[in-house]
Amino acid sequence: MQLCIVVPCYNEEEVLEETCGRLLALLTTLTATGQISPASRICFVDDGSADRTWALIESLAGKDHRITGIKLSCNRGHQNALLAGLLTAEGDAIISVDADLQDDIGAIPKMIEQLTRGADIVFGVRSRRDNDSVLKRITAHAFYRLMNWLGAQTIYDHADFRLMSRRAVEALRQYREVNVFLRGIVPLVGFPTAVVEYERSQRLAGTTKYPLRMMISFALEGVTSFSVVPLRIITFMGTLVFLITFGLGVWVLYVRLFTDLAVPGWASTMLPMFFLGGVQILCLGVMGEYLGRLYQEMKARPRYIIEKKI
Ligand code: UDP
Ligand code: MG
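Summarised in this report is the structure supplied together with it. Keep in mind that this is a model prediction, so the values were computed, not measured.

Next up on the list: the coordination of the magnesium ion (ligand 2). At the metal site, the magnesium ion (ligand 2) is ligated by D100 (OD) and Q102 (OE1), and these contacts range over 1.9 Å. Judged by relative accessible area, D100 falls into the buried class, the value being 4%.

This is how it looks when you write it as structure tokens:
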């Protein structure tokens, strides 16, 4: 069984060597116990880093033949970098793991075991989040809950630490969307799946490449590329508002035609106007969000461009 470990790296010069050392050690043990073949590889994907990341990958690859690398032509974001690695990597099974090793690579043997038992996709799931900041914990949990409520079947507390068999990766290749949200797409691929739990630790070194701004954009990406529920909410809201204003209209007509009380009120004119204005703008906003995605998908631009390969 030939394994390939895909590691997306964006400005990770501080952790790269340590990560590489640990992954190589793991490959050595797994090869020695016969769980994986000696042809197994590590594939670092440099996501257009501005620091020495690519130079490091090249020098590491020079020292050990088990290290390979892909350099993207510019920064395309975590998900695209990951996809580039997954779709380029060779091997019977591919594991993706972040460069900062927050995900415990000690779980990898268990993942391989699940694979031999017949699972095509093995999700790494965090059993605890003690090492994440409070903000990250709260926002992450809110995010998974929102996603599931909206009907996208994400695996709770599963990030992008997973094993995929060759046929699962080939199936993934057929998903041609431009707004890549792997956590949502991979469960759609199907095939037998399994879950392996692990404890998430601190970043080895360096700082997070996912500031709040990126987290929000990631969450928006996830929601809008997987769910039309927001659109349905608009329809629902629109219906409700229509019914209410219709009722009001009937009442106004009644007052006007059948009573002497009809002093046309300023409030009853202005309030609905403001209210409808607000609702319309809100609706336009959400529709624009989807239209934006549609536009991007229609253009079908390449999701990544590989500049070099070693
Ligand atoms: N990453 C990437 N491209 C980006 C941002 C991040 O390839 O534009 C990689 C990064 O090098 C790391 C992984 O994605 O291997 C996860 O990023 P990070 O650990 O900073 O996110 P966090 O764990 O804080 O959510
Ligand atoms: Mg991290």
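Having seen it, we continue.
Near ligand 1 you find 19 residues, and of these E12, D47, D100, T208 and K209 are the closest. The backbone of Y10 places a nitrogen or oxygen atom 2.9 Å from an oxygen atom of ligand 1. The separation between an oxygen atom of ligand 1 and a polar side-chain atom of Q102 is 2.6 Å. Surface burial for ligand 1 is 95%, taken as the share of its 530 Å² of free accessible area covered by protein chains. Of all the elements in the fold, those that place two or more residues in the shell around ligand 1 are β1 (3–9) and α3 (78–88).

It is at 9 Å that the axes of helix α1 (residues 13–32) and helix α2 (residues 53–63) come closest, and there the two elements cross at 20°. By the angle class used here, α1 and α2 are roughly parallel. Two packed elements cross with a definite hand, and for α1 against α2 that hand is right-handed. Of the residues in α2, those in contact with E13, L16, E17 and C20 of α1 are T53, L56, I57 and L60. By residue class, the composition of the contact of α1 with α2 is 5 nonpolar, 1 polar and 2 charged.

Here we come to the pattern of salt bridges. Enumeration over the complete set of coordinates arrives at 15 salt bridges. One salt bridge connects R117 with E113, and the closest N-O pair in it is separated by 2.5 Å. For R117, a relative accessible area of 60% translates into the label exposed. Here E170 and R166 are joined by a salt bridge, their closest N and O atoms 2.7 Å apart. Of this pair, E170 and R166 both sit in helix α6 (residues 166–173), 4 residues apart, which is roughly one turn of the helix. On the basis of relative accessibility, which here comes to 31%, the residue E170 falls in the partly exposed class.

Together, F236, L240, I244, L248, W251 and V252 line one region of the surface with nonpolar side chains, adding up to about 630 Å² of accessible area. Along the polypeptide, I244 turns up in helix α9 (residues 229–258). The class of I244 is exposed, set by a relative accessible area of 52%.

Moving on to the nonpolar core. Generally speaking, a soluble globular protein has its nonpolar side chains buried in company with each other. By size, the foremost hydrophobic cluster in this structure holds 38 residues, and its most contacted members are L3, I5, V7, F44, I108, F161 and L163. When neighbours within four sequence positions are excluded, L163 is seen to be in contact with A93, I94, I95, M111, I112, L115, D120, I121 and V122. Judged by nonpolar contacts, the second largest core, of 37 residues, contains V45, L86, A89 and V229.

Take the packing of aromatic side chains next. Geometrically, a pair of aromatic rings is defined through the distance of the ring centres and the angle of the planes. Per the stated rule, a full pass over the model turns up 8 aromatic pairs. Ring plane angle 65° and centroid distance 5.8 Å describe the contact between Y210 and F218, whose orientation is recorded as edge-to-face. For the ring pair Y254 and F258, a centre distance of 5.7 Å and an interplane angle of 40° mean the geometry is tilted. Separated by 4 residues within a single helix, Y254 and F258 lie in helix α9, roughly one turn from each other. The partly exposed category is assigned to Y254, whose relative accessible area is 47%. Taking the relative accessible area as the measure of exposure, F258 reaches 62% and is therefore exposed. Linked through ring pairs, F143, Y144, Y156, F181, Y210 and F218 together constitute an aromatic cluster.

Before going further, it helps to examine the pairing of strand β3 (residues 67–72). Within β3, 6 of the 6 residues are buried, which leaves the element mostly enclosed by the surrounding structure. Burial along β3 is two-sided: I67, G69 and K71 and T68, I70 and L72, pointing in opposite directions, are all buried. The parallel pair strand β2 (residues 41–46) and β3 is bridged by α2, and the resulting crossover is right-handed. Where β3 meets strand β8 (residues 306–309), 3 bridges bridge the pair, whose relative direction is antiparallel. Across the sheet, the residue bridging to L72 is I306, located in β8.

Here is what the cut-offs are and how they apply
Residues numbered from 1 in each chain as written. Chains lettered and ligands numbered in written order. Predicted model: local features only at pLDDT ≥ 70, side-chain atom pairs only at ≥ 80, totals over all residues. Heavy atoms only, no water. Donors = N, O, S within 2.8 Å, 3.2 Å for Na, K, Ca; no water. Buried < 20%, exposed > 50% of the residue type's maximum accessible area, 1.4 Å probe, protein only. Near = heavy atom within 4 Å. Polar contact = N/O pair within 3.5 Å; in protein donor to acceptor, adjacent residues only side chain to side chain. Areas by Shrake-Rupley, 256 points an atom, 1.4 Å probe, with all protein chains shown as cover. Helix = DSSP H or I, 4+ residues; strand = E, 2+ residues; numbered from the N terminus. Axes fitted to C-alpha atoms, helices over the stretch in contact; angles between N-to-C directions. Parallel < 35°, antiparallel > 145°, perpendicular 65-115°, else oblique. Left-handed = near helix turned anticlockwise from the far one by under 90°. Contact = heavy atoms within 4.5 Å. Nonpolar A, V, L, I, M, F, W, Y, C, P; charged D, E, K, R; others polar. Salt bridge = Lys/Arg side-chain N within 4 Å of Asp/Glu carboxyl O. Patch = residues over 30% accessible without salt bridge, like charges linked within 9 Å, V, L, I, M, F, W, Y side chains within 5 Å. Core = buried A, V, L, I, M, F, W, Y, C linked by side-chain atoms within 4.5 Å. Phe/Tyr/Trp six-rings, centres within 6.5 Å; stacked < 30°, edge-to-face > 60°. Right-handed = clockwise from strand over helix to strand, strands pointing away. Pairing = 2+ DSSP bridges.

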